[in-house]
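# Architecture at a glance
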Amino acid sequence: MPFRPAFSRCFSWDIRNTVGNIPMEWYKDYPHIGYDLDGKKIFKPIRNKDELDEFLDKMENPDYWRTIHDKMTGTDVCLSDEQVDLVHRLQQGKFGDVNFNEYEPAIDFFSNEVMIHPVTNRPADKRSFIPSLIEKEKVGKLVHAIKMGWIKPRRPKETAPQYYDLWAKEDPNAILGRHKMHIPAPKMRLPGHEESYNPPPEYLLTDEERQVWEQQDPDERKLSFLPQKYLSLRAVPAFSRFIQERFERCLDLYLCPRQRKMRVNVNPEDLIPKLPRPRDLQPFPTLQSLVYHGHSSLIRSISISPSGQWLVSGSDDCTVRFWEVCTTRCLKTMEVGGPVKSVAWNPAPSISLVAVSYGENVILVNPGLGDRLICSATDQLISSYEEPEEVKDQQVQWAVPEGKAQEQGQRLILTHPKAVKQVSWHGRGDYLACVMPDDGSSLQVVIHQVSRRRTQNPFHRNKGAVQCVSFHPSRPYFLVATQRYVRVYNLIKQELTKKLMANCKWISSMAVHPGGDNVICGSYDCRLAWFDLDLSTKPYKVLRHHKKALRGVAYHKHYPLFASGSDDGTVIVCHGMVYNDLLQNPLIVPVKVLKGHIITHDLGVLDVAFHPTQPWVFSSGADGTVRLFT
Amino acid sequence: MSQLQARFFTDNKKYVIDDVPFSIPAVSEITDLSNVINKLLEGKNGDHKHVEFDFLVQGQFLRSSLATHLETENISTEEVVEIEYVEKYTAPQPEECIMHDDWISSVEADSEWILTGSYDKTARIWSLEGKAVATVAGHTDVVKGVAWVKRDGLSSLLLTASLDQTVLLWEWSSERNKLRARHCCRGHAGSVDTISVDPTRSKFCSGSWDKMLKIWSAVPTEEEEEEEEESNRPRKKQKTEQLGPTRTPLMTLSGHTEAVSSVLWMDTEELCSASWDHTIRLWDAETGSQKNMLTGSKVFNCISYSPLCHRLATGSTDRHVRLWDPRSKDGSLVLLSLTSHTGWVTAVRWSPSHEQQLISGSLDNLVKLWDTRSCKAPLYDLAAHEDKVLCADWTDCGLILSGGADNKLYTYRYSACLSDAGA
């Protein structure tokens, strides 16, 4: 057996290298590989096994699989059967020793069973039978604490159950409270006489009613069925819609919205804006007090003297009359050469002049009423004019009347190229604006300076026919109302500052608030527009109280009042409070409708004017009277 | 309620009846009650003549049926109603109607003569019988106020105020019927609407549209003697010279913010003025300072003071006659409003002899005679005027005068019930 000798040779030849665990490359260049136990060199085997030898060996040697190369000695070692077995066991994770039993039975020494022979024979400690000092000290402390009352005996346990009212804190008045929200299911209506098998005859439908019932939509029907009469209960057939009705009832029960509707009860009166009561806004004119009779034709225009003592009225009967306000006495009548279109008392208290326009003329009249000194000073002012050396070619002729006209008080006559419709004074009383409405003409508005007898045409081109003009009470502005717009011009800068859109068809009259920031416009289509110049170019408010065209509007100088006169014969007085606070919009409350004028030729009130100091309003009408309302 | 218990009493000894409650029908009116009293008096003494009575319940004149009166006055009908009765005031008897050429703006009468100011720029003197005596012409504008200053035998002093801003002091001798302007008082810058002469007859006060009150001396100075000699000049010249030397005011009281409409002297040291600025102001005439102010809500047109009951009556532009206590300190206390007019009240005048009666004239063409115990209805309406009443006066001798825009001055004789001792 070739196997045996090889095996025995392998183990009997004990060659041990003593170089230790070093990399064997260090001996690569030497012929030996290390040293044996005797210190003799171990030589590398003279063997040059090449690949071919290796392969032949593998093919031919049956022990090749158990041959391993020992690097330490450079020899091939053939493993014995026992060694191969050991390798297998170790690879399987078993103990190397075949005879080792890893599951031997264990002996439990420290069990609960008292053995007759103790495991240890140690005597008991002393402390196990001597009372503990530390514990004694602790107990003493507790006893002391109990004696002192620091520790109290344990309270007896409460036997009461430990629950509470979860909803105790709930507000019983809350709308969403638990019980309030209970909404019972809708109840079915109990059957009545209609449902009876034998209803009283009045419950049975007639043929007409039946037809109506059949034509009605099922939702609209008052009864969902037709009452029918049977001879006896036995004759009643089965109810064909039973299942259907039960089903609908079930749907009602579980689909009906169990929801409380929070309906807000709105009082319709609350929706009306809260306006103060007119009674709280007094004083304002309420009653017709005086009537100034005398004119025989309609009175186009009235004006009050700045002192409030006199009234001037211009009428179509070609006269101008001066009245004493408090007695209605006509103190003076002056005839002029045509129907008077406009009169205006000079607002300056130191000048006594009235401008009267008729036809193409404007005359300045000194009425001779009031303070004599002021009257004579006015006369002096007008007569002191000296003709300038260079005579400018003016479109308006200035002439001094003579003879009777001079005696009557006429001081200056201004002849215009066209008919003058309106005259308006500047607040200081030197400038006078005249309106000659003519669509498309360049000469519609002229401004006269009385002291220098000079005439200016401020606009070279006018858009539309000018209706009326007004000077701003405090700033150098000039307001021109055409048919649809009011233009505000700055006279110093000579430019258009603002253009107010009146939203009406034809403006008839205009008045400027004494504060200067508000303008009212009356129009022939029954509207009165209030403009707040700071707010917008559109009307802040449009009042449509009149039934017919408005002819005149006016502001009071001190009281928060304005009035409008209309063709329906009424004057409507409104409270128009303008606040100094820029954030607060004007308060406009209509307070009184004043009636009195008789409508003549479809014309009612033609002009309104306020008394300068009292809350009184004057109105002139087509019936030839001026009326004072206080 | 058809019957109620009433007890009648009176202070007049002549008409006393038994102090027993009577049961009278509730609907009975003055005439019924008057008949009851007359019946009782006839039963008492046979020679009783029928007398009309007026009845007062708790100081208020009965003007409707008894039941409605008690209801409006809130008087219980359960108890016995105490009714006072007085002899009915006889209606003022119209006497004269004096025609003028123009509106009459002011009137003042004394025991002999009537002085009226007119819109024809003159003032006129009339006898009480309505005879034109003299025409005071000198103003260049409407005469707005007139006043007698004093009577010295046959010569009198009188004042006229006008729209031409002057007040003229005239001397008039009734014997020779000669008028002479003694002084021209210049100083006002507006029309002089009202003048009033003080009780000592030495000063007068004028109120004007220029918001001022001015106090002037009413004593003509002796310098005029020289001018009297010059009065033999040609007539035309005379007229311009007639106005006499100019006089300036002794004192100017300023404070009103609007025109002064009426002024009067309450006594020698106290002035009272009413104005368009809604105030009545009381002034100290010595120092010229304002003492008190009563504030109303409407323009005051006229004012009158009664020394008998110490009250002011004012007429304003809201058709009420209001009574004020000038001594009240809190300013704006209206004691009573007499409401019946329908137009502005332009004239009020207290009775000079009766402490509860006054007259008022209004632009509704009526003059009303009031008793303050009946504030809803006047005693009598004197409806003679056909146009606005502008002025009224009441003389010591029981003559009521009123003038207006119908150019007529009416006079009425009114005896404030001689028998009325209990009022």
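Since the model is a prediction, treat every value here as computed from it, not as a measurement.

We now examine the overall build of chain B. Each helix and strand counted, chain B has four helices and 34 strands in total. Burial analysis of chain B (423 residues in total) assigns 57% to the buried set.

Let us look at the sheet that holds strand 11 (residues 143–152) of chain B. Residues and elements named next belong to chain B. Pairing is mixed in the open sheet, where five strands are placed in the order 11-12-13-14-18. At either end of the open sheet lies a strand with only one pairing partner, and these are strand 11 and strand 18 (246–247). Where strand 13 (residues 166–173) and strand 14 (residues 178–186) come together, eight bridges link them in antiparallel fashion. Counted as the bridge partner of valine 167 is cysteine 185 from strand 14.

So, about the sheet that holds strand 31 (residues 380–382) of chain B. Residues and elements named next belong to chain B. Spatially, four strands are ordered 28-29-30-31 in an open sheet, and the strand pairing comes out antiparallel. Both edges of this open sheet fall to strand 28 (345–350) and strand 31, since each of them pairs with a single strand only. Between one strand axis and the next, the sheet turns by 20 degrees as a mean value, whatever way the strands run. Relative to strand 31, strand 30 (residues 367–371) runs antiparallel, the two sharing three bridges. Along strand 31, the bridge assignment pairs lysine 368 with aspartate 381.

All names here are of chain A. Assignment of secondary structure puts glutamine 456 in strand 18 (residues 454–456). When the C-alpha atoms of glutamine 456 and glutamine 394 are compared, they prove to be 8.5 Å apart, with 62 residues separating the residues in sequence. Those residues in contact with glutamine 456 that lie beyond four places of it in its chain are Val445, Val446 and Ile447.

On to the packing of aromatic side chains. On inspection of all chains with the given rule, the structure shows 24 aromatic pairs over all chains. For the ring pair A:Trp530 and A:Tyr555, a centre distance of 5.6 Å and an interplane angle of 80 degrees mean the geometry is edge-to-face. Note that A:Trp530 is positioned in strand 25 (residues 528–532) and A:Tyr555 in strand 27 (residues 550–555), a separation of 25 residues in sequence. Owing to a relative accessible area of 10%, A:Tyr555 belongs among the buried residues under this scheme. Grouping aromatic residues by their ring pairs yields a cluster made of B:Phe8, B:Phe22, B:Phe53, B:Phe55 and B:Tyr85. A cation sits over an aromatic face here: A:Arg329 above B:Trp103, 5.1 Å from the ring centre.

Contacts between the two partners involve 23 residues from chain B, matched on the other side by 23 residues from chain A. Surface buried jointly by chain B and chain A totals about 1900 Å² across both partners, of which 54% is contributed by carbon and sulfur atoms. The three residues of chain B that bury the most area against chain A are B:Trp209, B:Trp276 and B:Trp344, which together make up 29% of that side's buried surface. Inspection of the chain B/chain A interface yields three salt bridges. Between A:Arg329 and B:Asp102 there is a salt bridge, with its nearest N and O atoms 2.5 Å apart. Class assignment for the residues of the side of chain B that touches chain A results in 11 nonpolar, five polar and seven charged.

Nonpolar side chains in soluble globular proteins tend to end up buried together. Ranked by size, the top nonpolar core spans 42 residues in total, and within it A:Tyr292, A:Leu311, A:Val320 and A:Phe618 carry the most contacts. Only strand 5 (288–292), strand 6 (299–304), strand 7 (310–315), strand 8 (319–324), strand 10 (340–345), strand 11 (354–358), strand 12 (361–365) and strand 33 (626–629) of chain A provide two or more residues apiece to this core. Beyond its immediate chain neighbours, meaning those up to four positions away, A:Val320 contacts A:Val312, A:Ser313, A:Lys332, A:Thr333, A:Met334, A:Val336, A:Val340, A:Val343 and A:Val356. B:Leu33, B:Val51, B:Leu62 and B:Leu70 belong to the second largest nonpolar core, which has 23 residues in total.

Residue and element names in this part refer to chain B. What you see with strand 1 (residues 3–9) is a clean split: Leu4, Ala6 and Phe8 sit on the buried side and Gln3, Gln5, Arg7 and Phe9 on the side with no burial. Both strand 1 and strand 2 (residues 22–25) contribute to a ladder of four bridges, which runs antiparallel. By the bridge assignment for strand 2, leucine 4 is matched with isoleucine 24. Pairing of strand 1 with strand 5 (residues 81–87) involves four bridges; the strand directions are parallel. Each residue of the ladder has a partner; that of phenylalanine 8, found in strand 5, is isoleucine 83.

What follows deals with the pattern of salt bridges. Across all of its chains, the model carries 31 salt bridges over all chains by this definition. When the shortest N-O distance is used, the salt bridge between A:Arg127 and A:Asp125 registers 3.5 Å. Taking relative accessible area as the criterion, A:Arg127 reaches 68% and is therefore assigned exposed. Note on A:Asp125: relative accessible area 31%, which makes it partly exposed. Taking the shortest distance from any N to any O, the salt bridge between A:Glu324 and B:Lys144 comes out at 2.4 Å. Of the two residues, A:Glu324 is situated in strand 8 and B:Lys144 in strand 11; the pairing between them involves two chains. For the pair A:Glu324 and B:Lys144, one class covers both residues: buried. Salt bridges sharing common partners tie together A:Arg122, A:Asp125 and A:Arg127.

Residue and element names in this part refer to chain B. Following the UniProt record, the feature "repeat: WD" (unreviewed entry) maps to residues 97–136, 136–180, 185–217, 253–293, 293–325 and 338–374 here. Between the C-alpha atoms that bound residues 97–136 there is a distance of 20 Å. The span itself is 0% helix and 65% strand. End-to-end, the C-alpha atoms of residues 185–217 are 10 Å apart, and along that stretch the chain is 0% helix and 61% strand.

Next up on the list: a negative patch on the surface. Residues and elements named next belong to chain A. Together, Asp50, Glu51, Asp53 and Glu54 make up a region of like negative charge exposed at the surface. Here glutamate 54 lies in helix 2 (residues 51–60). You can call glutamate 54 partly exposed: its relative accessible area is 33%.

Let us look at helix 4 (residues 133–148) of chain A. Given 3.6 residues per helical turn, the α-helix brings residues three or four places apart onto the same face. All names here are of chain A. Between the first and last C-alpha of helix 4 there are 22 Å, a value that for 16 residues agrees with the 22 Å anticipated at 1.5 Å per step. Counting buried positions over the 16 residues of helix 4 gives one, only a small fraction of the element. Structurally, the start of helix 4 carries an N-cap: the backbone nitrogen of isoleucine 134 is 3.3 Å from a side-chain oxygen of serine 132. Among the residues trailing helix 4, glycine 149 stands out with phi positive, at a value near 85 degrees.

Turning next to the confidence of the model for chain B. All names here are of chain B. Looking at chain B as a whole, the pLDDT averages 81, with 92% of positions reaching at least 70. Low pLDDT, under 50, characterises residues 224–241; the stretch is placed with 11 contacts to residues that sit more than four places away or in other chains. Confidence drops under a pLDDT of 50 for residues 418–423, and excluding neighbours within four residues, the segment shows 11 contacts in the predicted structure. Reported confidence for the predicted complex is 0.82 by ipTM and 0.69 by pTM.

Residues and elements named next belong to chain B. Across five bridges, strand 9 (residues 122–127) lies against strand 10 (residues 132–137) in antiparallel orientation. Bridge pairing in strand 10 places alanine 123 opposite valine 136. Counted between consecutive antiparallel strands, the loop separating strand 9 from strand 10 contains four residues, among which glycine 130 sits at a positive phi close to 95 degrees.

Thresholds applied
- Every residue gets a number counted from 1 within its own chain, in the order that chain's sequence is written.
- Chain A is the first chain written and ligand 1 is the first ligand written, with later ones labelled in order.
- Under the rules for a predicted model, residues below a pLDDT of 70 receive no local features and side-chain atom pairs below 80 are neither given nor counted, while totals for whole chains, interfaces and linings still include all residues.
- As a rule here, side-chain values come from all non-hydrogen atoms in the structure, and water together with hydrogens is ignored.
- Runs of H or I in DSSP of at least four residues are treated as helices and runs of E of at least two as strands, each being numbered from the N terminus.
- Relative accessibility thresholds used throughout: buried, under 20% of the residue-type maximum; exposed, over 50%; partly exposed, between the two (1.4 Å probe, protein chains only).
- The pairing criterion for strands is at least two bridges between them, as found by DSSP.
- Each axis is a line fitted through C-alpha atoms, taken for helices only over the stretch in contact, and angles between the N-to-C directions span 0 to 180 degrees.
- In what follows, residue pairs with any heavy atoms lying within 4.5 Å of each other are defined as contacts.
- Stacked, tilted and edge-to-face are the three classes applied to pairs of Phe, Tyr and Trp rings, where Trp contributes its six-membered ring and a pair requires centres within 6.5 Å; stacked means planes under 30 degrees apart, edge-to-face means over 60, and tilted covers the rest.
- For a ring to carry a charge above it, either NZ of a lysine or CZ of an arginine must fall within 6 Å of the ring centroid while also lying within 35 degrees of the normal to the ring plane.
- For any pair of parts, buried area is found by adding up, for both, the accessible area (1.4 Å probe) each one loses once the two are put together.
- When a carboxyl oxygen of Asp or Glu lies within 4 Å of a side-chain nitrogen of Lys or Arg, that pair is called a salt bridge.
- The classification used treats Ala, Val, Leu, Ile, Met, Phe, Trp, Tyr, Cys and Pro as nonpolar, Asp, Glu, Lys and Arg as charged, and all other residues, Gly among them, as polar.
- The nonpolar core is taken to be a set of buried Ala, Val, Leu, Ile, Met, Phe, Trp, Tyr and Cys residues, with the residues joined through side-chain atoms within 4.5 Å.
- UniProt positions are given in the numbering used here, feature names are shortened, and annotations may be inferred rather than shown by experiment.
- Patch criteria: residues need more than 30% relative accessible area and no salt bridge. Like-charged residues are merged within 9 Å; nonpolar side chains of Val, Leu, Ile, Met, Phe, Trp and Tyr are merged within 5 Å.
- Under the convention used here, a 1.4 Å probe and the Shrake-Rupley method define accessible areas, while residue burial counts only the protein chains that appear.
- Charge assignment: positive for Lys and Arg, negative for Asp and Glu; neither His nor the chain ends contribute.
- A charge is said to be at NZ when it belongs to Lys, at CZ for Arg, at CG for Asp and at CD for Glu.
- Here, expected helix span is obtained from the residue count minus one, scaled by 1.5 Å.
- Counted as a polar contact is a pair of N or O atoms within 3.5 Å, where, for protein atoms, one must be capable of donating a hydrogen and the other of accepting one, and residues adjacent in sequence contribute only when both atoms are in side chains.
- As a per-residue quantity, pLDDT reports the predictor's confidence and falls between 0 and 100.

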